[in-house]
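Geometric and topological summary
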There are 2 protein chains.
Amino acid sequence: MLKLSAVSLLATSAVAPVALADDPDPLPSWNETASKKAILDFVGSVTKEGSADFVPEEERIAVFDNDGTLWAEQPMYFQLLFAIDRVKALVPLHPEWQTEEPFASLLKGDVKGALSGGEPAIMKLVMETHSGMSADDFDKIVLDWLATAKHPVTNRPFTEMVYTPMLELLAYMRASGFRTYIVSGGGIDFMRPWADKVYGVPPEQVVGSSGETKFMVRDGVPILMRLPEINFIDDGPGKPVGIHQHIGRRPIAAFGNSDGDFEMLEYATRGEGRRFGLIVHHTDDVREWAYDRNSSIGRLEKALDLANESGWTVVDMKNDWKTIFPFGGKQD
Amino acid sequence: MLKLSAVSLLATSAVAPVALADDPDPLPSWNETASKKAILDFVGSVTKEGSADFVPEEERIAVFDNDGTLWAEQPMYFQLLFAIDRVKALVPLHPEWQTEEPFASLLKGDVKGALSGGEPAIMKLVMETHSGMSADDFDKIVLDWLATAKHPVTNRPFTEMVYTPMLELLAYMRASGFRTYIVSGGGIDFMRPWADKVYGVPPEQVVGSSGETKFMVRDGVPILMRLPEINFIDDGPGKPVGIHQHIGRRPIAAFGNSDGDFEMLEYATRGEGRRFGLIVHHTDDVREWAYDRNSSIGRLEKALDLANESGWTVVDMKNDWKTIFPFGGKQD
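Predicted model only: the values in this text are computed from it and were never measured. (Residues numbered from 1 in each chain as written. Chains lettered and ligands numbered in written order. Predicted model: local features only at pLDDT ≥ 70, side-chain atom pairs only at ≥ 80, totals over all residues.)

**Details of the overall build of chain A**
As a reminder of what qualifies: Numbering of helices and strands starts at the N terminus; helices are DSSP runs of H or I of at least 4 residues and strands are runs of E of at least 2. Here the globule rule is a power law, 2.2 Å times the number of residues to the power 0.38, and the radius of gyration is based on C-alpha atoms. Three classes are used. A residue is buried when 20 or more other C-beta atoms lie within 10 Å of its own, exposed when 12 or fewer do, and partly exposed in between, with C-beta atoms placed from the backbone. In this description, any two residues whose backbone-derived C-beta atoms lie within 7 Å of each other are considered to be in contact.
Assigned secondary structure in chain A consists of 14 helices and 8 strands. Whereas a compact globule of 332 residues would reach a radius of gyration of roughly 20 Å, chain A reaches 20 Å, a difference of no more than 12%. Within chain A, the fraction of its 332 residues that count as buried is 48%. Sequence-distant contacts in chain A: of pairs separated by 6 or more residues, those separated by 24 or more amount to 68%.

**A short note on the interface of chain B and chain A**
Frequently, the measure chosen for interface size is the accessible area removed from exposure when the parts meet. So the rule is basically this: For this classification, the nonpolar set comprises Ala, Val, Leu, Ile, Met, Phe, Trp, Tyr, Cys and Pro, the charged set comprises Asp, Glu, Lys and Arg, and every other residue, Gly included, is treated as polar.
Contacts between the two partners involve 29 residues from chain B, matched on the other side by 29 residues from chain A. Grouping the constituent residues of the side of chain B that touches chain A by class yields 15 nonpolar, 6 polar and 8 charged.

**Let's talk about the relation of the copies chain B and chain A**
In plain terms, the rule: Superposing copies: least-squares fit, C-alpha atoms only, residues required to have pLDDT of at least 70 in both.
Of the two same-sequence chains, chain B is brought onto chain A (RMSD 0.0 Å, axial shift 0.0 Å) by a rotation of 180 degrees. Between the two chains, the operation in question is that of a two-fold axis. Within chain B, the C-alpha atom positioned nearest to the axis of rotation is that of B:His246, 3.0 Å from it. Residue by residue, 100% of the interface of chain B is reproduced at the interface of chain A, so both copies engage with the same surface.

**Section: helix α3 (residues 78–90) of chain B**
Threshold: The length a helix should cover is 1.5 Å for every residue beyond the first.
Compared with the 18 Å implied by 1.5 Å per residue over 13 residues, the 18 Å span of α3(B) between its first and last C-alpha is a close match. Looking at the buried residues of α3(B), the elements they touch are α4 (103–107), α5 (111–115), α6 (118–129), α7 (135–148), β2 (179–187) and α9 (188–199) of chain B.

**Regarding helix α6 (residues 118–129) of chain A**
Residue and element names in this part refer to chain A. Our working rule: Comment: arc refers to directions from the helix axis out to C-beta atoms.
With 12 residues, α6 extends 17 Å from end C-alpha to end C-alpha; this agrees with the ideal 16 Å at 1.5 Å per step. For α6, the set of buried residues is Leu-125, Val-126 and Thr-129. End-on, the buried residues of α6 take up no more than an arc of 90 degrees, which puts them together on one face. Facing away from the buried side of α6 by more than 90 degrees, the exposed set consists of Glu-119 and Pro-120. In this structure, the buried side of α6 is in contact with α3 (78–90).

**What about the nonpolar core?**
Our working rule: Any nonpolar core is a set of buried residues, restricted to Ala, Val, Leu, Ile, Met, Phe, Trp, Tyr and Cys, that join up through C-beta atoms within 7 Å.
Counting 163 residues, the largest nonpolar core has A:Val63, A:Tyr181, A:Ile182, B:Val63, B:Tyr181 and B:Ile182 as its most contacted members. The residues contacting A:Tyr181, other than those within four sequence positions of it, are A:Ile61, A:Ala62, A:Val63, A:Phe64, A:Gln205, A:Val207 and A:Ile247.

**Concerning the packing of helix α10 (residues 238–246) of chain B against helix α11 (residues 262–269) of chain B**
Residues and elements named next belong to chain B. Quick note on the threshold: Fitted lines through C-alpha atoms serve as axes, helices being fitted only where they are in contact, and the angles separating the N-to-C directions of these axes extend from 0 to 180 degrees. Here roughly perpendicular refers to angles of 65 to 115 degrees, roughly parallel to angles under 35, roughly antiparallel to angles over 145, and oblique to all remaining angles.
Where α10 contacts α11, the axes come no closer than 7 Å and their chain directions differ by 55 degrees. Taken as axis vectors, α10 and α11 run oblique relative to one another. Listed contacts from α11 to Lys-239, Pro-240 and Ile-243 of α10 are Glu-263, Met-264 and Tyr-267. Residue composition of the contact of α10 with α11, by class: 4 nonpolar, no polar and 2 charged.

**What to know about the environment of A:Val314**
Residue and element names in this part refer to chain A. The topology assignment puts Val-314 in strand β8 (residues 313–316). Residues Val-314 and Thr-159, spaced 155 residues apart in sequence, show a C-alpha to C-alpha distance of 25 Å. Not counting residues up to four positions away in its chain, the partners in contact with Val-314 are Ile-279, His-281, Leu-304 and Ala-307.

**Brief notes about the domain arrangement of chain A**
Residue and element names in this part refer to chain A. Applied cut-off: Domain start and stop points were drawn from an automatic or database domain assignment.
Segmenting chain A into domains produces domain 1 (25–73 + 162–320) and domain 2 (78–148). A C-alpha centroid distance of 26 Å is found between domain 1 and domain 2. Opposite the 14 residues of domain 1 that make contact, domain 2 presents 16 residues. Secondary-structure elements contributing two or more residues to the side of domain 1 that touches domain 2 are β2 (179–187), α9 (188–199), β3 (206–218) and β4 (221–232). Among the elements that line the side of domain 1 that touches domain 2, the one with the most residues is β4, at 6 residues.

Here's what the structure looks like:
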């Protein structure tokens, strides 16, 4: 459970702007291009009473991927940077890591070598560093890390590596009666401690990957102990499954940036009534990063190829967004 | 996803009364006993601004078991009666059931014999009858069943087998800024189609046991196909796990009726600040049923023995409740 005292550690976090539904311009960081128009048209049509497209508030569910959609994901997923820092912090308790991969390479500073083991190496790294403590203790570890860790390229806190246009969009949709959910391949318990403060998304509206937990009473206190076993992978075809488990309603709008969001976009947009799908295309290698088909992180190929026939809006970051981050851009 | 057209099939459902926080008596079906006083004291203290016990609205999470807490569970769990009816409906498609247990005994009308296989027989019965269709189609099957099926003792629709005092309590807590969640050992997808209409609890606030689902596109339509495999058992120590997965906050109030709720009660009530735990004790064999330690359904022993030292309120149905069901009682 999130402790209020721990939240205050997030002194440097971005604050989601408040948009009003009748704001003359609820999306000031968006240029006047087709993407902005498509968003405004969709929200306007489903919220207009009497319109054929009208959707009652309880069905206004919008789902947002996190990595690469709400915050950056280069040069690697921020949760992986967290895991790497945890290896360094925990190695006194795990002397065996000095000789065991992927830990040994990491401890020698060879991140590339450590990650060359691919998915199994990454899963091992995450599972080992994210378990062995209570859920409450893990919350504090995440918040402590966010309060001090800096992005390796921009030297900014990770909670500032969020996209201002997307913060505006989240606030605008909520002001229009939507409930905004995060549906991410990242860890649900890695995001929950700060998602409310940074995005305005409360813990119960965060869906993500998870490890197993076990209920126990320790020293008279009931806790959920985190185990080093995978419970659920909320990625690709797992996203609609996670949405169904958590929400039990089919979203009418979905926002993503990679092929890991393809099935979520399909699930949300191929249904009755007016629907909306949007892909954030990373096209700005000066202010952010430019990558798609050939990137090992946030690879975007299938979803991009099928965006047009699916009626999905593709955001061209370079041309559609006036600003990227609250502090500007990687280089301005 | 729940179709609005299907909801209207629930013509006979109970409607949760609307309570206002400043209602002179928000719990009119409760006698003026210690149980009612304990509820009013708790809600009053955590909602009073400036009080040492004050809890902000976002942390006012209350969790309710379903079977035996919000609706009856005798002579057997209603979902099991649903599964038995499904066997009869589906046997033309499953000729092998004529000779395979537990189906063969059921089809001969020998329910006791069928269930003598215990937990494995019950799980097989539920898994086989709850899978092989899309999530949307399952919603409709549940609603169709509820629209016509009758309780074997009272001959009332199952949606009338709900406890009026608990409907008042749900409405009162919501009017007091709580979010009310169902956390049940029953199937999440068995409850979601009707919980909003009957209890005022929307799909995203229902936590329960579940089978695996698989995302697929069938005839151009994205669906979640229900598989005959267990995903999660939301009972006993699984309840705090389910609460953590779905809500990500520790509830401050929990309501149950059996040992299957023990860990949920511990998790919710053993924490900082004012907390509330309540056990519905089935003591009225005229208007409802009387059972506890020796019942195979809703067995209540450990939680009852530890209720006093845990500070949990034990509702004596016979003496604490003026009325039981919207139609009165089993016999009045």
